[in-house]
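Reading the structure
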Amino acid sequence: MFPEDFMREALSEAQKAFEREEVPVGAVVVKEGVIVGRGHNLIETTKDATAHAEMMAIRNAAKELGVLRLSGCQLYVTTEPCAMCAGAIVLARIEKVYIGTMDIKTGAAGSLMNVLQDERLNHFVEIETGLLEQECQYKMKQFFKILRLKPGRRNT
């Protein structure tokens, strides 16, 4: 599989979030060309502020592999990770993160800040941005457009 194929899998996870009326972010963790963890936002569903796509994918990968550290793994995520998720990526020792679209409001992988490559931390994460960027942006724009049209919906 190619990087685009893995990002399409992350987009498939984002679609699951979309269908649950969650912000459509999806992520997959890959090791040696095999998906070992998947996740999508479940914040509203679980009433858990930590239930971000990246966190779910990291938890699932760690459980699948039976390890604490995900050395040698890559993370594909449709939207730039926030500070919490970026911290988890560093702690999990993920090797590289592929990002679909950047998040100028809360992104912690180059937009607002760059936790993944902060030299003060003990792990440096490679970053590649813009993978299937238009598809990832479209999914988010579509979600928020629909959300704004719904009467009585929360402002996200």
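What counts, and at which threshold
- Residues numbered from 1 in each chain as written.
- Predicted model: local features only at pLDDT ≥ 70, side-chain atom pairs only at ≥ 80, totals over all residues.
- Heavy atoms only, no water.
- Helix = DSSP H or I, 4+ residues; strand = E, 2+ residues; numbered from the N terminus.
- Contact = heavy atoms within 4.5 Å.
- Expected span 1.5 Å × (residues − 1).
- Core = buried A, V, L, I, M, F, W, Y, C linked by side-chain atoms within 4.5 Å.
- Buried < 20%, exposed > 50% of the residue type's maximum accessible area, 1.4 Å probe, protein only.

1. Things to note about the environment of A88
Here A88 lies in helix α4 (residues 83-92). Separated by 19 residues in sequence, A88 and G107 place their C-alpha atoms 14 Å apart. If near-sequence neighbours (up to four positions away) are discounted, A88 is found in contact with M55 and I58.

2. Comments concerning helix α1 (residues 3-19)
With 17 residues, α1 extends 25 Å from end C-alpha to end C-alpha; this agrees with the ideal 24 Å at 1.5 Å per step. E21 sits one or two residues past α1 and shows a positive phi near 65 degrees.

3. Observations regarding the nonpolar core
In terms of nonpolar packing, the biggest core is built from 35 residues, with V29, L70, L75, I89, I94, V97 and L116 touching the most fellow members. Sequence-distant contacts of I89, that is, excluding residues within four places in its chain, are made with I58, L75, P81, I94, V97, L116 and V125. Listed in part, the 11 residues of the second largest apolar core include A10, V30, Y76 and Y98.

4. Thoughts on the side chain of T78
Structurally, T78 is set in strand β3 (residues 73-79). Residue class for T78 comes out buried when judged on its relative accessible area of 1%. Contacts of T78, omitting those with residues within four sequence positions, involve M7, A10, L11, A14, P24, V25, G26, G100, T101 and C136.

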